[in-house]
Amino acid sequence: MIATVDLDDPDSPAAAVPGAGIVIATGTRFDTAHARHLLSRVTCTLTETDTTDPRVITVASVPDALAEITERCRQWPQASAICDDVLRAVDPAAPAFAGVITESLAYSVLQAGPEFAAWLAARGPASVPAAAEPMLLDRDGDTLHLRFNRPQRHNAFDNATRAVLLDGLAVAAADTAIDQVVLSGIGPSFCSGGDLAEFGSFTDVAAAHLARTRHSPALGLDALTARLGARCRAEIHGQVLGSGLEMAAFCGRVTADPATVVGLPELSLGLIPGAGGTVSVTRRIGRWRTAYLILSGRTLDAQTALDWGLIDEIAVLR
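Just so it is clear, the structure is predicted and the values come from calculations on it, not from any experiment.

Once that is clear, we can look at the pattern of salt bridges. Applying the stated criterion to the full structure yields 15 salt bridges. Measuring nitrogen to oxygen at the nearest pair gives 3.1 Å for the salt bridge that ties Arg 88 to Asp 84. On the criterion of helical spacing, the pair formed by Arg 88 and Asp 84 is a turn pair, its members being four residues apart in helix H3 (residues 77-89). Since its relative accessible area comes to 18%, Arg 88 is described here as buried. Look at Asp 84 and you get buried, because its relative accessible area is 3%. Each of Arg 150, Arg 153, Asp 158 and Asp 195 takes part in a single network of salt bridges with overlapping partners.

This next bit is on the pairing of strand S6 (residues 143-148). Across the six residues that make up S6, a large majority, five, are buried. Note: strand S5 (residues 135-140) against S6, six bridges, orientation antiparallel. Looking at S6, one finds that Leu 136 is bridged to Arg 147. Between the antiparallel neighbours S5 and S6 lie two residues, among them Gly 141 with a positive phi of about 65°. Examined bridge by bridge, S6 and strand S7 (residues 180-185) share six bridges and lie parallel to one another. Counted as the bridge partner of Phe 148 is Gly 185 from S7. Handedness of the β-α-β unit built from S6, helix H6 (residues 159-174) and S7 comes out right-handed.

Empty space within the largest pocket amounts to approximately 760 Å³. For the largest pocket, the lining is made up of 34 residues, of which Tyr 107, Phe 157, Arg 162, Gly 194 and Phe 199 are closest to its centre. Among the elements of the structure, helix H4 (96-111), H6, helix H7 (205-214) and helix H9 (243-250) are those that each provide at least two residues to the lining of the largest pocket. Of all the elements, H7 adds the most residues to the lining of the largest pocket, at four residues. In the lining of the largest pocket, the residues fall into 14 nonpolar, 11 polar and nine charged. Here the second largest pocket defines a volume of roughly 470 Å³.

Once that is clear, we can look at the side chain of Glu 103. Along the chain, the position of Glu 103 falls in helix H4. No salt bridge is formed by the buried Glu 103; the nearest opposite charge belongs to Arg 212, separated by 6.5 Å. Here Thr 278 takes part through its side chain, which lies 2.7 Å from a polar atom of the side chain of Glu 103. Setting aside residues no more than four positions away along its own chain, Glu 103 makes contact with Val 86, Glu 246, Ile 272, Pro 273, Gly 274, Ala 275, Gly 276, Gly 277, Thr 278 and Val 279.

Another aspect to go through is the sheet that holds S5. Two modes of strand pairing occur in sheets, parallel and antiparallel, and in both the strands are linked by backbone hydrogen bonds. Strand order across the open sheet formed by six strands is S5-S6-S7-S8-S10-S13, with mixed pairing between neighbours. Edge positions in the sheet fall to S5 and strand S13 (313-314), since each has one partner strand and no second. Inspection of the sheet shows strand S8 (residues 232-236) paired to strand S10 (residues 253-256) by four bridges, in the parallel sense. Looking at the pairing, Arg 233 lines up with Arg 253 of S10. With respect to the sheet, H6 is in contact with S5, S6 and S7, its orientation differing from that of S6 by roughly 170°.

For the rest of this paragraph, the subject is helix H8 (residues 217-228). Taking 1.5 Å of rise per residue, 12 residues should cover 16 Å, and H8 covers 16 Å from first to last C-alpha, within 8% of that figure. Here H8 has its buried residues at Pro 217, Ala 218, Leu 221, Asp 222, Leu 224, Thr 225 and Leu 228. Each buried residue of H8 sits inside an arc of 165° when the element is viewed along its axis, so together they form one side. The secondary structure elements touched by the buried residues of H8 are H4, H6, S7, S8, H9 and helix H10 (277-296). Of the residues flanking the end of H8, it is Gly 229, one or two places downstream, whose phi is positive at about 60°.

Within the secondary structure layout, Ala 206 lies in helix H7. Residue classification places Ala 206 among the partly exposed residues on the basis of a relative accessible area of 47%. Between the C-alpha atom of Ala 206 and that of Leu 306, which follows or precedes it by 100 residues, the distance is 37 Å.

With that settled, the discussion passes to the nonpolar core. Formed by 76 residues in total, the largest nonpolar core has its most connected members in Leu 46, Phe 148, Leu 165, Leu 183, Ile 236 and Leu 310. No other element matches H10, which puts nine residues into this core. Counting residues in hydrophobic clusters, the runner-up holds 10 residues, among them Leu 7, Val 23, Leu 38 and Val 42.

With that settled, the discussion passes to the packing of H3 against H4. Contact geometry of H3 with H4 gives a least axis separation of 10 Å together with a crossing angle of 170°. Of the possible angle classes, the one that applies to H3 and H4 is roughly antiparallel. On H4, the residues that touch Gln 78, Ala 79, Ile 82, Val 86 and Ala 89 of H3 are Thr 102, Glu 103, Ala 106, Val 109 and Leu 110.

Analysis parameters
- Residues numbered from 1 in each chain as written.
- Predicted model: local features only at pLDDT ≥ 70, side-chain atom pairs only at ≥ 80, totals over all residues.
- Heavy atoms only, no water.
- Salt bridge = Lys/Arg side-chain N within 4 Å of Asp/Glu carboxyl O.
- Helix = DSSP H or I, 4+ residues; strand = E, 2+ residues; numbered from the N terminus.
- Buried < 20%, exposed > 50% of the residue type's maximum accessible area, 1.4 Å probe, protein only.
- Pairing = 2+ DSSP bridges.
- Right-handed = clockwise from strand over helix to strand, strands pointing away.
- 1 Å grid on protein atoms, 1.4 Å probe; cavity = no way out; pocket = protein on both sides within 12 Å on 5 of 7 lines; lining within 4 Å.
- Points joined across faces, edges and corners; volume = space filled by probe spheres on them.
- Nonpolar A, V, L, I, M, F, W, Y, C, P; charged D, E, K, R; others polar.
- Lys, Arg positive; Asp, Glu negative; His and termini not counted.
- Polar contact = N/O pair within 3.5 Å; in protein donor to acceptor, adjacent residues only side chain to side chain.
- Contact = heavy atoms within 4.5 Å.
- Axes fitted to C-alpha atoms, helices over the stretch in contact; angles between N-to-C directions.
- Expected span 1.5 Å × (residues − 1).
- Arc of directions from axis to C-beta.
- Core = buried A, V, L, I, M, F, W, Y, C linked by side-chain atoms within 4.5 Å.
- Parallel < 35°, antiparallel > 145°, perpendicular 65-115°, else oblique.

Here you go:
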């Protein structure tokens, strides 16, 4: 399932092509012809050496990190392989629509697959607590504030929240007098990702794909950022996971509270990011670090997220 190559060994296999499976490079030399050939082709590179190269992830222990990723890929081989395929297929410099479509089609395949089915069976029946106002929309002059408002669920993203968010984004798109949009969350977290109690409630994966892509907060935020730039901003805190991180990353500027923790945990459900994250996160940190976040399941603190470019600023927000 996983092949490994050594940047420091010129005799290490140099083939790493799409469809060949997940390829992890290790090593400390990034400037040789052998290393340069591999760096752009592998899934990601692990090292214990400090580096600013966005294709390389610095870890405390390469053997431990490699073992962790290998075990997760062994447990969820289909989701891991499809994750690698999607990240290689998405062009972060292209318009977001094509990437969101590619991601959603892959997500739908996994929704119908055995790994997600196993997670659902282990979770068992679940119900989604209703919230009277799952999202608050407030206009202050030319600024529109969109606030997640399910604090008892760490603002887990459900269909009711999606509907109100889409309404708010439509207002901002239609009213050009709105000069600033601020996405934030009430309570202990900005948004902890999709509400797991709601997962599996739609069994028609084709209809779910159409709903995700025809009514997409990701594309709405992307369009607003194209118009407003940094004036479409996210203020994040607490747990910022899955769809919470994916949506925030579409904003032109992301400010994080010092205690913020970010991550993409979808692989453990037998899935990949499904709210546009293979586009938005990849645009900010590249496919290699995005692959690492997904395959490892690791979270980042605010300082590391800033160093990587996943956020733009750390500031006390609460």
